[in-house]
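# Overview (structure and organization)
Next come the chains, spelled out residue by residue.
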Amino acid sequence: MISQLTRAAVVAAALGLATSAMAQDMRFVVVSHGQASDPFWSVVKNGVDQAAEDLGVEVEYRSPGTFDMVQMAQIIDAAVASQPDGLVVSIPDAEALGDSIRNAVASGIPVISMNSGSDVREELGIPVHVGQTEYEAGVGGGKKMKEAGVTKAICVNQEVGNVALDTRCEGFTEGLEGDVEVLSVSMDPTEIGNAVKAYLSANPDTNGVLTLGPSAAEPTLTALEEVEMLDKVKFGTFDLSPGVLEAIDQGKMLFAIDQQQFLQGYLPIQLLRLNKLYGLMPAGTVMTGPGFVTQENAAQVIDLSAKGIR
C-alpha cells in the first residue's frame, strides 16, 4: 500500500517534471540598445544567459549594431512578429520606440522594460521596470562630487538623445549645485579622449568630470593621465568595468555608480517565466541601484567583475 508520504512525493515529482517541461517550451526575447561587446552590456547579457540556463528557458538577445533607434524599433517589430512568450526592452527613446512597444503590448505579449525607461514604461502599457531611476542616481553622483569640493564639472555624454543618459546629466547638475556643462561625444575612444583634453585645456578651472559609462570612462581616464590632471580633477562614472574598478582601487577615480546590471538581465527573465507559469507580475520599478563603488570597497567588487557579474 502506497503511503500518503510516498503518494505526495510522487505527485510533487510529477508536478516538478510538468513545470520543467513547460519552462523548456518558453522562449523570450531581449531587445536592448546596447551591444553585448560593450563592457557594460556584456554583463547584462551574462545575466540573461545565466537566467536562461538556471531556468531552462530559451532567450534571444538582440540589439542594433550601433545606437540606432530606427533599427532598434525594427528589431522589436521582428521580435513581436515571432510571437515570443515574453519581451524585455530597454527604452532609451520612448518617442522612437513607443509605437513598436505599444504594438507588442496590444499583441498580448508580456513586456518588461529594463535599464532605461522607468519614467515612460507606464504610459506604454508596461507593468514593471527593472533598473535604477536615472535622475536620482545622477543627483547622488553630484552630491558626492560636491562633498569632494567640485564646483565646476563636465558631464561626458556619449549618446546624446538617449533619454536615460540625458537624465543622468540633469540629475548630476542638480546634485552638484554648481556649474555643469554637457560634453557631447561619440562612442569613438579617440574622439572622447581628445574632446576631454580640449575642454580642460580651454577651461582650466574645471575640477570635476563625470562620465556616463565605461565606454567613455576608460578613454577619459587615459586622457586625464596624459595631461597629468588626475590630481587636479575629481573623476567619477556611471557603471563598472574591470578598468574602472582598477582605477578606483588605485585612487585614480573617486567613484562609480553601480546599477548592478547583471540583475537587469537576469530578473526580467525570471519574472516573465513566473508570469507564464502562474500569471504573476509585480508592479512599478524593481530597483537594482544606485550603489556606489569607492576605493573602500572596490577590491571586493573586482573578483565578481572578473566573473562577469559586476
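Let us look at the structure shown here. (Residues numbered from 1 in each chain as written. Predicted model: local features only at pLDDT ≥ 70, side-chain atom pairs only at ≥ 80, totals over all residues. Heavy atoms only, no water.)

### Thoughts on the packing of helix H8 (residues 214-226) against helix H9 (residues 242-249)
Note the following rule: Axis angles are defined between N-to-C directions and span 0 to 180 degrees, where every axis is a line fitted to C-alpha atoms and, for a helix, only to the segment in contact. Numbering of helices and strands runs from the N terminus, with a helix taken as a DSSP run of H or I at least four residues long and a strand as a DSSP run of E at least two residues long. Between 65 and 115 degrees an angle is taken as roughly perpendicular, under 35 as roughly parallel, over 145 as roughly antiparallel, and anywhere else as oblique. By convention the crossing between two helices is left-handed if the near helix lies anticlockwise of the far one by an angle smaller than a right angle, and right-handed if it lies clockwise. What makes two residues a contact is simply this: any of their non-hydrogen atoms within 4.5 Å. In this count, Pro and Cys sit with the nonpolar residues alongside Ala, Val, Leu, Ile, Met, Phe, Trp and Tyr, while Asp, Glu, Lys and Arg are called charged and the others, Gly among them, polar.
Taken N-terminus to C-terminus, the directions of H8 and H9 make an angle of 50°; their axes are 9 Å apart at the nearest point. Comparing the axis directions of H8 and H9 gives the class oblique. Considering the relative orientation of H8 and H9, their crossing is left-handed. In this structure, H8 uses Pro214, Ala217, Glu218 and Leu221 to contact H9, whose residues at the interface are Gly243, Val244 and Ala247. A class-by-class count of the residues in the contact of H8 with H9 yields five nonpolar, one polar and one charged.

### Observations regarding helix H6 (residues 163-176)
Let me state the cut-off plainly: Helix span, expected: 1.5 Å multiplied by one less than the number of residues in the helix. Partly exposed describes any residue whose relative accessible area lies between the buried limit of under 20% and the exposed limit of over 50%, with all areas from a 1.4 Å probe on protein chains only and scaled to the type maximum.
The end-to-end C-alpha distance of H6, which contains 14 residues, comes to 20 Å, matching closely the 20 Å that a straight helix rising 1.5 Å per residue would cover. Burial in H6 covers these residues: Ala164, Leu165, Thr167, Arg168, Cys169, Gly171, Phe172, Gly175 and Leu176. Tucked inside the fold, the buried residues of H6 contact helix H5 (134-147), strand S6 (152-157), strand S7 (179-184), strand S8 (208-211) and strand S9 (234-238). Looking one or two places after H6, you find Glu177, whose phi comes out positive at around 55°.

### Focus: the state of the cysteines
The cut-off we apply is this: Throughout, a disulfide means two cysteine sulfur atoms within 2.5 Å of one another.
Applying the stated criterion across every chain yields a total of one disulfide. The disulfide partner of Cys155 is Cys169, and the gap between their sulfur atoms is 2.1 Å. For the disulfide bridge between Cys155 and Cys169, the dihedral angle about the S-S bond is near -80°, and by the sign convention the bridge is left-handed. You can see Cys155 sitting in strand S6 and its partner Cys169 sitting in helix H6, a full 14 residues away along the chain. An identical accessibility class is assigned to Cys155 and Cys169; each is buried.

### Details of the sheet that holds S8
The strands that make up a sheet pair up through hydrogen bonds in the backbone, lying either parallel or antiparallel. To keep it simple, the criterion reads: Strand pairing requires that DSSP identify at least two bridges connecting the strands.
If you trace the six strands from one edge of the open sheet to the other, you get S7-S6-S8-S9-S10-S12, paired in mixed fashion. Of all the strands in the sheet, just S7 and strand S12 (291-293) have a single pairing partner and so form its edges. Geometrically, the sheet is characterised by an average inter-axis angle of 20° between neighbouring strands, direction not taken into account. Pairing geometry for S9 and strand S10 (residues 255-258), over three bridges, is parallel. Bridge assignment links Gly236 to a residue of S10, and that residue is Phe255. Against the sheet, H6 makes contact with S6, S7, S8 and S9, and its axis sits at roughly 170° relative to S6, the strand it touches most. Relative to S9, H8 is tilted by about 165°, and along the sheet it contacts S6, S8 and S9.

### So, helix H11 (residues 298-306)
This is how it is decided: Along the arc lie the directions from the helix axis toward the C-beta atoms.
If you check which residues of H11 are buried, you get Ala298, Val301 and Ser305. Seen end-on, H11 carries its buried residues on one side only, within an arc spanning 65°. Facing away from the buried side of H11 by over 90 degrees, the exposed positions are Ala299, Gln300 and Ala306. As for H11, its buried residues are in contact with H9 and S12. Count one or two residues on from H11 and you reach Gly308, which has phi positive near 80°.

### A short note on the nonpolar core
Quick note on the threshold: In this description, a nonpolar core means a group of buried Ala, Val, Leu, Ile, Met, Phe, Trp, Tyr and Cys residues linked to one another through side-chain atoms lying within 4.5 Å.
Formed by 27 residues in total, the largest nonpolar core has its most connected members in Val156, Leu183, Phe235, Ile248, Met253 and Val293. For this core, the secondary structure elements donating two or more residues are S6, helix H7 (189-202), H8, H9 and H11. Ranked by residue count, the leading element in this core is H7, at five residues. In this structure Ile248 touches Met253, Phe255, Ala256, Val293, Thr294, Gln295 and Ala298, once residues within four positions along its chain are discounted. Of all hydrophobic cores here, the second largest spans 25 residues; its members include Leu55, Val57, Phe262 and Leu277.

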